[in-house]
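Per-entry structural report
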Amino acid sequence: MNTQGKVFKYPDNVDTDVIIPARYLNTPDAKELALHCMEDIDTEFVKKVQKGDVMVAGWNFGCGSSREHAPLVIKTCGTGCVIAKSFARIFYRNAINIGLPILECEEAADEINSDDEVSVDFDTGVITDITTGKTYKAQPFPPFIQNIIKSGGLLKSLKEGENNG
Amino acid sequence: MGMTMTQKILAAHAGLDSVAAGQLISAKLDIVLGNDITTPVAVNEFKKAGFDKVFDKDRVAIVLDHFVPNKDIKAAEQSKTCREFACSHCVSHFYDVGKMGIEHALLPEQGVVTAGDCIIGADSHTCTYGALGAFSTGVGSTDMAAGMATGMAWFKVPSAIKFNLTGKLPSNCSGKDVILTIIGMIGVDGALYKSMEFVGDGVSDLSMDDRLCICNMAIEAGAKNGIFPVDEKTKEYMLGRCEREPVVYEADADAEYEKVIDIDLSKIVPTVACPHLPENTRPASELHNIKVDQVVIGSCTNGRMEDMEAAYQILNGKKVADGVRCIIIPGTMQILRECVERGWYTAFIDAGAVVSTPTCGPCLGGYMGILAAGERCLATTNRNFVGRMGHVDSEVYLASPHTAAATALAGYITEYKEA
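Residues numbered from 1 in each chain as written. Chains lettered and ligands numbered in written order. Predicted model: local features only at pLDDT ≥ 70, side-chain atom pairs only at ≥ 80, totals over all residues.

**Quick word on the overall build of chain A**
Scanning chain A for helices and strands turns up eight helices and seven strands. Its C-alpha atoms put chain A at 50 × 40 × 25 Å along the principal axes. When the 165 residues of chain A are sorted by exposure, 52% land in the buried category. (Helix = DSSP H or I, 4+ residues; strand = E, 2+ residues; numbered from the N terminus. Buried ≥ 20, exposed ≤ 12 C-beta atoms within 10 Å, placed from the backbone.)

**A look at the domain arrangement of chain B**
Where interface size is quoted, it is often the accessible area lost as the parts come together. All names here are of chain B. By the assigned domains, chain B splits into domain 1 (5-264) and domain 2 (271-410). Placing a centre on the C-alpha atoms of domain 1 and another on those of domain 2 gives a separation of 24 Å. Each partner contributes residues to the interface: domain 1 has 35 residues there, and domain 2 has 33 residues. (Domains from an automatic or database assignment. Contact = placed C-beta atoms within 7 Å.)

**Overview of the sheet that holds strand S5 (residues 117-121) of chain A**
Residues and elements named next belong to chain A. Ordered by their spatial adjacency, seven strands build an open sheet running S4-S3-S2-S1-S5-S6-S7, and the pairing between neighbours is mixed. The sheet terminates laterally at strand S4 (102-104) and strand S7 (134-137), the two strands that pair on one side only. Each strand axis lies, on average, 25° off the axis of its neighbour in the sheet, ignoring direction. As paired strands, strand S2 (residues 54-57) and strand S3 (residues 81-84) are joined by four bridges and run parallel to one another. Residue pairing across strands places Met55 opposite Val82, the latter belonging to S3. (Pairing = 2+ DSSP bridges. Axes fitted to C-alpha atoms, helices over the stretch in contact; angles between N-to-C directions.)

**Focus: the nonpolar core**
If you look at the biggest cluster of nonpolar residues, it comprises 201 residues, and the most contacted ones within it are Val73, Val82 and Ile83 of chain A together with Leu10, Ile119, Val295 and Ala405 of chain B. The element that contributes the greatest number of residues to this core is helix H10 (residues 305-315) of chain B, accounting for seven residues. Summarising the domain contributions, this core has at least three residues from each of domain 1 (5-264) and domain 2 (271-410) of chain B. Ignoring anything within four residues of it in the chain, the contact list for Val73 of chain A reads Ile19, Ile20, Ala30, Leu33, Ala34 and Cys37 of chain A. (Core = buried A, V, L, I, M, F, W, Y, C linked by C-beta atoms within 7 Å.)

**Topic: the pairing of strand S2 (residues 31-35) of chain B**
All names here are of chain B. Counting buried positions over the five residues of S2 gives five, a clear majority of the element. Neither face of S2 is exposed, since Ile31, Leu33 and Asn35 on one face and Val32 and Gly34 on the opposite face are all buried. Bridging between S2 and strand S5 (residues 118-121) involves three bridges; their strand directions are parallel. Within S5, the residue paired with Leu33 across the bridge is Gly121. The pairing of S2 with strand S3 (residues 60-63) spans four bridges and is classified as parallel. Each bridged residue has a counterpart across the sheet, and for Gly34 the counterpart in S3 is Ile62. Note on the crossover from S2 through helix H2 (residues 38-48) to S3: the handedness is right-handed. (Right-handed = clockwise from strand over helix to strand, strands pointing away.)

**A word on the confidence of the model for chain B**
Caution applies to low-pLDDT parts of the model: their predicted coordinates are not meant to be read in detail. Per-residue pLDDT for chain B has a mean of 98; in total, 100% of the residues score no lower than 70. For this predicted complex, the interface confidence comes out at an ipTM of 0.94, alongside a pTM of 0.97. (pLDDT = per-residue confidence, 0-100.)

**Describing the environment of Gly50 of chain B**
By the secondary structure assignment, Gly50 of chain B is in the loop between H2 and S3. Between the C-alpha atoms of Gly50 of chain B and Gly190 of chain B, which are 140 residues apart in sequence, the distance is 39 Å.

**A look at the packing of H2 of chain B against helix H5 (residues 141-150) of chain B**
All names here are of chain B. Across the interface, H2 lies against H5 with an axial gap of 8 Å and an inter-helix angle of 60°. In terms of axis orientation, H2 runs oblique to H5. For H2 against H5, the interelement crossing comes out right-handed. Of the residues in H5, those in contact with Thr38, Val41, Ala42, Glu45 and Phe46 of H2 are Ser141, Thr142, Met144, Ala145, Met148 and Ala149. For the contact of H2 with H5, the per-class residue count stands at seven nonpolar, three polar and one charged. (Parallel < 35°, antiparallel > 145°, perpendicular 65-115°, else oblique. Left-handed = near helix turned anticlockwise from the far one by under 90°. Nonpolar A, V, L, I, M, F, W, Y, C, P; charged D, E, K, R; others polar.)

**Looking at H10 of chain B**
Residues and elements named next belong to chain B. Burial of H10 is extensive: eight of the eleven residues sit out of reach of the surface. Every buried residue belonging to H10 is among Met305, Asp307, Met308, Ala310, Ala311, Tyr312, Ile314 and Leu315, and all of these are buried. Phi turns positive, to about 80°, at Gly317, one or two residues after H10.

**Here we look at the interface of chain B and chain A**
Each partner contributes to the interface: chain B provides 42 residues, whereas chain A provides 37 residues. Put simply, the parts of the chain that give the side of chain B that touches chain A at least two residues each are H2, helix H3 (73-88) and H5 of chain B. Among the elements that make up the side of chain B that touches chain A, the one with the highest residue count is H5 of chain B (six residues).

**A closer look at the sheet that holds strand S8 (residues 160-166) of chain B**
Residues and elements named next belong to chain B. Reading across from one edge, S10-S9-S8-S11 is the order of the four strands in this open sheet, with parallel pairing throughout. If you trace the sheet from one side to the other, it starts and ends with strand S10 (225-227) and strand S11 (259-264), each paired once. Neighbour to neighbour, the strand axes of the sheet diverge by 20° on average, direction disregarded.

**Some words on helix H11 (residues 333-341) of chain B**
Residue and element names in this part refer to chain B. When we look at burial in H11, the residues that qualify are Ile335, Leu336 and Cys339. Viewed along the axis of H11, the buried residues span an arc of 100°, placing them on a single side of the element. Counted as exposed and oriented over 90 degrees from the buried face of H11: Arg337 and Glu341. If you follow the buried residues of H11, they end up packed against H10 and helix H12 (344-350). Gly343 sits one or two positions beyond H11 and adopts a positive phi of about 80°. (Arc of directions from axis to C-beta.)

**As for the packing of H2 of chain B against H3 of chain B**
Residue and element names in this part refer to chain B. Between H2 and H3, whose axes approach to 8 Å, the crossing angle comes to 55°. When the axes of H2 and H3 are compared, the pair comes out oblique. Pair H2 / H3 crosses with left-handed handedness. Counting all contacts with H2, which are made through Thr39, Pro40 and Val43, the residues of H3 involved are Gln78, Thr81, Cys82 and Phe85.

**What about the environment of Leu10 of chain B?**
Residues and elements named next belong to chain B. By the element assignment, Leu10 lies in helix H1 (residues 5-14). Its 25 C-beta neighbours within 10 Å are what place Leu10 among the buried residues. With 106 residues separating them in the primary sequence, Leu10 and Gly116 have C-alpha atoms 9.4 Å apart. Other than its neighbours up to four places away in sequence, Leu10 contacts Val19, Ile25, Ala27, Cys118, Phe135, Phe155 and Val157.

**Re unusual backbone geometry**
All names here are of chain B. That bond from Val68 to Pro69 is cis: its omega, -10°, falls within 30 degrees of zero. Along the chain, the position of Pro69 falls in the loop between S3 and H3. Residue His276 is bonded to the preceding Pro275 through a cis peptide linkage, with omega at -5°. Within the secondary structure, His276 sits in the loop between strand S12 (271-273) and strand S13 (281-283). Phi is positive for Tyr193, close to 65°, though the residue is something other than glycine. Relative to the assigned elements, Tyr193 resides in the loop between helix H6 (175-186) and strand S9 (195-199).

Here it is in C-alpha cells:
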C-alpha cells in the first residue's frame with residue numbers, strides 16, 4: 001500500500017474542532033461533512049485537495065474531541081496519509097479503526113514543505129520527498145495494529161477473528 | 001515491578017496478573033458510553049459489520065446531551081437514530097430529554113459508573129470517572145461499536161505521571177484552577193498517551209466535584225486517563241448510589257512513574273486559559289483589561305452542584321454587568337431541580353442571567369450561546385480552540401465558576417474576592 005500526492009502543511013496542536021467544526025456535526029454523513037474539512041484554519045484545503053495528497057503536521061495532531069468524524073472527513077476528502085510529529089491518542093485510535101493511514105516522523109514533519117510532491121510506502125514506513133529527493137523512515141506500527149489496518153479497520157478485524165475462532 | 005493504579009485496573013480486566021507500560025492488551029469493559037453525536041456513527045458501523053445484539057443491555061449507556069432538546073431537524077434525526085437503537089436493544093441506561101443530563105455529570109450522579117470499572121466512552125471527556133477510582137477513557141465511534149458488540153476493547157497500557165498534591169485550596173479556587181494550572185505547566189500534550197495519577201495529602205481536601213472536574217480535563221493535557229485513589233469521601237459518595245459493587249485498587253508502593261510533579265494547593269490562584277489553547281494560562285488577576293460579551297457557567301467540566309453553588313453565592317442579590325449575557329446550565333435534571341428547590345434558579349434570573357435545561361450546547365459551538373465575529377466569552381467549559389463556541393474570529397477564555405460569576409458581574413475578567 002502506498003500513496004503519492006501534494007503536501008498540505010499544518011502547525012502543532014491541530015485540533016478536531018478545526019478539522020471538522022462541531023457546528024456541522026448534526027449529521028453523520030461523511031460526504032456532507034467533508035465539504036467543511038479544515039475550513040476554520042484553511043479555507044483553500046477542500047478546494048485544492050486531490051486523491052492521494054498528504055497532510056504534514058507538527059506535534060499532537062488531532063487533539064481535543066473524540067469525534068471520529070475528524071479522521072473520516074480527512075479520508076473522505078481523498079487525503080492518502082497524515083504525517084505528524086505526534087498524534088493525540090483518540091485521533092490515533094480512530095484513524096487506525098477507520099483505515100486512514102497515519103505515520104509519526106519528526107524529521108519528515110520538520111523538513112517537508114507545503115506543495116512538495118511526496119510518496120509514502122506504508123509497508124516499509126519510507127517517506128520520499130520527490131521534490132527535494134530526501135527520504136525518511138517512520139516508526140512502523142506494532143503487528144497487532146498492522147492486522148487491524150490490513151483487515152480494513154477494527155470491526156472487520158473483529159469479524160475475521162470471529163470467523164477464524 | 002510494581003503497577004500504577006491504572007495498570008492494576010487494566011491487568012484485572014485483561015485477566016492478567018500484571019501488565020507493563022507499552023503492552024497491548026484486550027480488556028473487559030464494564031460500561032460502554034455514547035452520545036447523540038457519536039452514537040449514530042457507531043450504530044451505522046455496528047450494523048454495517050453485521051452485529052445484531054449488544055453484549056449486555058445493562059452495560060451500554062446512551063445519553064442525548066450535545067444537541068438536545070433537538071436544535072434542528074438534522075439533530076432530531078440523530079437523536080431518533082439513538083432512540084431507536086436503544087429501544088430495539090433494550091438498552092437500560094438510555095437517557096432522553098427529561099431524564100438526561102450532560103453525560104459526565106449524569107453517569108456518576110446516577111451511580112452507573114463505580115470504582116474499579118474499566119470504561120470507554122465515545123466522548124473525549126469520558127476520563128471524568130477516574131475521580132471515582134475507575135479506569136475510564138475516551139474513544140471514537142468505531143471503538144464504541146466494537147465495545148457494544150463484544151464487551152471488549154484493546155488498549156496500550158499507559159505509563160504514568162504522578163501528581164503529588166499537598167496543602168489546601170484557597171476559598172476562591174476549585175478543582176478547575178488546579179487542572180488549568182497543571183495544563184499550563186505541562187502543556188496540551190504534556191501527558192500524551194499517559195495516565196495522570198493524583199495522590200498525596202492534598203487529595204482529602206478536594207471534594208468529589210473538584211476531583212470530577214480535574215479528571216475531566218486530563219484529556220486537555222493529552223492524557224489517556226486521570227485517576228484519584230479511593231478514600232473516605234469517594235466511599236461516602238458511592239454509598240447507596242452505585243448500582244454495582246465498587247472495587248478498590250491501589251497503586252503498588254514500587255510502581256514506576258515517568259515523572260513526579262508536586263503541586264502545593266495552597267499556592268493555586270484563580271487561573272484563566274486564554275485563546276486558543278488550554279495551556280495558555282494566566283492568573284485572572286492579570287487579565288482585568290479583558291472585557292467579555294458572554295459568560296457561560298456549566299458543561300461536563302463545571303455543571304455540578306458545587307459549581308451552581310459558587311455561581312449562586314456570587315450572583316445572589318447582584319446584577320450581571322450591562323452588555324454581558326450570562327448563561328447558566330445545570331449539568332443534570334437533578335441539579336436543575338435542586339437549583340429550583342433552593343431558590344437559586346430565581347436568584348440567577350433576578351441577577352439577569354438565563355438558565356437552560358442541561359445541554360453541552362455552547363461548549364462546542366452547537367447552540368444556546370453561539371458567539372459572533374469578534375465576540376469574547378469567559379466560560380467554565382473545557383476547550384478554547386479556534387471557532388469552538390461559534391465564529392472563527394470569536395474568543396473563549398476558560399476559568400472556574402467563581403471566576404466566571406465574578407466576571408459576569410464586573411463585565412471584565414476578574415477573580416472572585418470574598419467580601
